[in-house]
Amino acid sequence: MIQTPIRTVDADGIRYNPDLIAPRLALFDPATPELNAQPVTQGGRNAAWFIQCDGQSAVLRHYRRGGLIAKLVKKTYWWLGAERTRSWAEYAVMLHLYNSCVPVPLPLAACWQRRVLGYQAAIITQRIEKAQPIAQYIEKIPPESVAIVVKQMHDAGVWHADLNVFNLLIDAQQQIYVIDFDRARRFDVVDSKHRQNNLLRLRRSLIKVRGEIGQQWYEQFRRAYLQLAKA
């Protein structure tokens, strides 16, 4: 199915969907009363909230550093230009995938704010209602359904920086979605090395969270992915 491409506009540090959002910095502050922000309990580094955004059920996420550097600098990144900010880059990847009919949340808005030599950033995406990470449901999820979506993402030219069992969601209609495209990269063609990198990252995640069951599920997923690649 071909869908109508989603429009996007840039203005004053905010990249947004003009059909759905009236841009303003208050949308990115979870303390704004109209957002009715509720913390996301899984993932997000304690920096993600479910919100109501101009009539949309959405997810607000602030960018936070991980690893050792986070002990010194939690949420500020070096300024290298607007297009290289984490938020605008992720918005662009998600918009590309959405317009390519890959099942990802629709990006609504992304912002950056300068902080001397650096910047801080946030992104808002539509919430996938009643969606849960596949982590605890893999016995009920056909590996083929996940393989199809991962391959669609790769065929659209996107490599995921952290493909794991918490960044793959399943909704009430059994549709699989990919989320969290921070640090994702776009290519003309995602080569076999980058595809394998994503598959092995998912394998490590499955084994860490679900042990032997995760390993067995991954083997079925991998076979399905390879069969799709040969088709």
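Residues numbered from 1 in each chain as written. Predicted model: local features only at pLDDT ≥ 70, side-chain atom pairs only at ≥ 80, totals over all residues. Heavy atoms only, no water.

### Remarks on the overall build of the protein chain
Now for step 1: Each helix and strand in the protein chain was counted, giving three helices and 13 strands.
Now for step 2: Taken over C-alpha atoms, the radius of gyration comes to 18 Å for the protein chain, in line with the 17 Å a tight globule of 231 residues would show.
Now for step 3: When the backbone C-alpha atoms are referred to their principal axes, the protein chain occupies close to 50 × 45 × 35 Å.
Now for step 4: Residues classed as buried in the protein chain amount to 46% of the 231 residues present.
Now for step 5: Just so you have it, the protein chain exposes about 12,300 Å², and 52% of that area is on carbon and sulfur atoms. (Helix = DSSP H or I, 4+ residues; strand = E, 2+ residues; numbered from the N terminus. Rg over C-alpha atoms; globule rule 2.2 N^0.38 Å. Buried < 20%, exposed > 50% of the residue type's maximum accessible area, 1.4 Å probe, protein only. Areas by Shrake-Rupley, 256 points an atom, 1.4 Å probe, with all protein chains shown as cover.)

### Details of the packing of helix α2 (residues 143-155) against helix α3 (residues 192-230)
Helices that pack against each other are described as a pair by the angle of their axes relative to one another and the distance between those axes.
Now for step 1: Their axes nearest at 9 Å, the elements α2 and α3 cross at an angle of 60°. The angle between α2 and α3 places the two elements in the oblique class. The handedness of the crossing between α2 and α3 comes out as right-handed. Within the contact between the two elements, α2 uses Pro143, Glu144, Val146, Ala147, Ile148, Val150, Lys151, Met153, His154 and Asp155 and α3 uses Arg195, Asn198, Leu199, Trp217, Gln220, Phe221, Ala224, Tyr225, Leu228 and Ala229.
Now for step 2: Its residues placed into classes, the contact of α2 with α3 shows 13 nonpolar, three polar and four charged. (Axes fitted to C-alpha atoms, helices over the stretch in contact; angles between N-to-C directions. Parallel < 35°, antiparallel > 145°, perpendicular 65-115°, else oblique. Left-handed = near helix turned anticlockwise from the far one by under 90°. Contact = heavy atoms within 4.5 Å. Nonpolar A, V, L, I, M, F, W, Y, C, P; charged D, E, K, R; others polar.)

### Brief notes about the confidence of the model for the protein chain
Now for step 1: In this model, the protein chain carries a mean pLDDT of 91, and residues with pLDDT of at least 70 account for 91%.
Now for step 2: In the predicted structure, residues 67-72 sits below a pLDDT of 50 and forms one contact with residues beyond four places in sequence or in another chain. (pLDDT = per-residue confidence, 0-100.)

### Looking at the pattern of salt bridges
Now for step 1: Applying the stated rule across the entire model yields ten salt bridges.
Now for step 2: Of the charged contacts, one joins Glu90 and Arg61 as a salt bridge, the two residues approaching to 2.4 Å between their closest N and O atoms. Here Arg61 lies in strand β5 (residues 56-62) and Glu90 lies in helix α1 (residues 86-99), a separation of 29 residues in the sequence.
Now for step 3: With a closest N to O distance of 2.9 Å, Asp162 and Arg201 form a salt bridge. On the criterion of sequence distance, the pair formed by Asp162 in the loop between β10 (158-159) and β11 (168-170) and Arg201 in helix α3 is long-range, its members being 39 residues apart.
Now for step 4: The exposure class of Asp162 is partly exposed, given its relative accessible area of 24%.
Now for step 5: By relative accessible area, Arg201 is classed as partly exposed at 24%.
Now for step 6: Among the charged side chains, a network of salt bridges with common partners joins Arg24, Glu34 and Asp54. (Salt bridge = Lys/Arg side-chain N within 4 Å of Asp/Glu carboxyl O.)

### Considering unusual backbone geometry
Now for step 1: A positive phi is found at Asn36, a non-glycine position, where the angle reads about 50°.
Now for step 2: Structurally, Asn36 can be placed in the loop between β2 (14-16) and β3 (38-39).
Now for step 3: For Lys130, which is not a glycine, the phi torsion comes out positive at approximately 55°.
Now for step 4: In this structure, Lys130 sits in the loop between β8 (118-126) and β9 (132-133).

### A word on the sheet that holds β11
Sheets are built from strands that pair by backbone hydrogen bonding, the pairs being arranged parallel or antiparallel.
Now for step 1: Pairing within the open sheet is antiparallel, and its three strands lie in the order β9-β11-β12. At either margin of the open sheet sits one strand with a lone partner, and together these are β9 and β12 (176-178).
Now for step 2: Packed onto the sheet, α2 meets β11 and β12 and runs at close to 35° relative to β12. (Pairing = 2+ DSSP bridges.)

### Quick notes on the pairing of β5
Now for step 1: Of all seven residues in β5, six are buried, a share of seventy percent or more.
Now for step 2: Relative to β5, strand β4 (residues 48-53) runs antiparallel, the two sharing six bridges. Bridging across to β5, Cys53 finds its partner in Gln56.
Now for step 3: The hairpin turn running from β4 into β5, its antiparallel successor, is two residues long, and Asp54 in that turn takes a positive phi close to 50°.
Now for step 4: Of the strand pairs in this sheet, β5 and β8 are connected by five bridges, and their pairing is antiparallel. Counterpart to Leu60 in the pairing with β8 is Ile124.

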